[in-house]
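Below are the chains, spelled out letter by letter.
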Amino acid sequence: MAQTIIEVVGVKAFRGIVNGESIDSGTLFGRVKLDKRFNKPGENFKAGETVEDWKMPNAEVVFRMQHIPLPFMCALEVERVSNGKETKEITLDATPLEAVKAEPAPLKKAA
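If you're wondering where the values come from, they're calculated on a predicted model, not measured in any experiment. Per chain, residues are indexed from 1 in the order of the written sequence. For a predicted model such as this one, the threshold for reporting local features is a pLDDT of at least 70, and the threshold for listing and counting side-chain atom pairs is 80 or more; totals across whole chains, interfaces and linings nevertheless cover every residue. Where side-chain values are given, they derive from all heavy atoms of the structure, hydrogens and water being excluded.

Draft legend 1. Local environment of the environment of glutamate 60. Strands are runs of DSSP state E lasting at least 2 residues, helices are runs of H or I lasting at least 4, and numbering of each runs from the N terminus. With respect to the helices, strands and loops of the structure, glutamate 60 is situated in helix H1 (residues 59-63). Burial status follows relative accessibility: with a 1.4 Å probe on protein chains alone, a residue under 20% of its type maximum counts as buried, one over 50% as exposed, and anything between as partly exposed. With relative accessibility at 40%, the residue glutamate 60 sits in the partly exposed group. Between the C-alpha atoms of glutamate 60 and serine 25, which are 35 residues apart in sequence, the distance is 8.3 Å.

Draft legend 2. How the structure looks around the sheet that holds strand E3 (residues 49-56). Only strands that DSSP links by at least two bridges are regarded as paired with each other. Reading across the sheet, the 5 strands line up as E3-E2-E1-E4-E5 and stay open at both edges, with antiparallel pairing between neighbours. At either end of the open sheet lies a strand with only one pairing partner, and these are E3 and strand E5 (87-96). Taken over all neighbouring pairs, the strand axes of this sheet differ in orientation by 40° on average, direction set aside. Summarising the sheet, strand E1 (residues 2-18) and strand E4 (residues 72-82) pair through 7 bridges and their orientation is antiparallel. From the neighbouring strand, isoleucine 5 faces E4, where its bridge partner is alanine 75. As a rule, the C-alpha atoms of each element are fitted with a line to give its axis, helices using only the stretch in contact, and angles between N-to-C directions run from 0 to 180 degrees.

Draft legend 3. Expanded view of the pattern of salt bridges. Any carboxyl oxygen of Asp or Glu within 4 Å of a side-chain nitrogen of Lys or Arg constitutes a salt bridge here. Under the counting rule described, the total for this entry stands at 8 salt bridges. As a salt-bridge pair, aspartate 35 and arginine 37 come within 2.8 Å of each other at their nearest N and O atoms. Judged by its relative accessible area of 32%, aspartate 35 is partly exposed. Aspartate 53 is the salt-bridge partner of lysine 55, the closest N and O atoms lying 3.3 Å from each other. Beyond isolated ion pairs, a larger network of salt bridges with shared partners links Glu7, Arg31 and Glu49.

Draft legend 4. Representation of a nonpolar patch on the surface. Here, patches come from residues exposed beyond 30% relative accessible area and free of salt bridges, joined within 9 Å for like charges and within 5 Å for nonpolar side chains (Val, Leu, Ile, Met, Phe, Trp, Tyr). Note that accessible areas follow from Shrake-Rupley with a 1.4 Å probe, and for residues the cover is restricted to the protein chains shown. Among the surface-exposed residues, Ile5, Met73 and Leu97 lie close enough to one another that they form a single nonpolar patch of about 250 Å² accessible area. Assignment of secondary structure puts methionine 73 in strand E4.

Draft legend 5. Up close: unusual backbone geometry. Following leucine 70, the chain continues to proline 71 via a peptide bond in cis, the omega torsion being -10°. Among the secondary structure elements, proline 71 is positioned in the loop between H1 and E4.

Draft legend 6. Region of the structure containing the side chain of threonine 27. Relative to the helices and strands, threonine 27 resides in strand E2 (residues 21-33). Ignoring anything within four residues of it in the chain, the contact list for threonine 27 reads Gly10, Val11, Lys12, Asp53, Trp54, Lys55, Met56 and Val62. Any two residues having at least one pair of non-hydrogen atoms within 4.5 Å are treated as being in contact.

Draft legend 7. Broad picture of the pairing of E5. Of the strand pairs in this sheet, E4 and E5 are connected by 9 bridges, and their pairing is antiparallel. In the sheet register, glutamate 77 faces E5, and the bridge partner there is aspartate 93. Linking two consecutive strands that pair antiparallel, namely E4 and E5, is a turn of 4 residues; a positive phi of about 100° is found at glycine 84 within it.

Here it is as structure tokens:
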């Protein structure tokens, strides 16, 4: 397994039933730089950034991050798997890297 760090700029999750089918899905959307190494003027050009989607194992992975303001940095636990013909990466889990600021405790009145 490997760890991949992404900047999360969007999230979505759904758990429910649609047309009789149970759905439990979550996705993180991470910022990615476009590959401009092979730019050729007048022929091929890429610049800036795009967004890549990372499918989560279930909606709960996303729901536990819904209180974190966007964007935030996140570590993805990724595993490469194969069926013998094709290889792909699957995301096993995601952990936010930035600490969430707790609400300040109310002040106690002096006795």
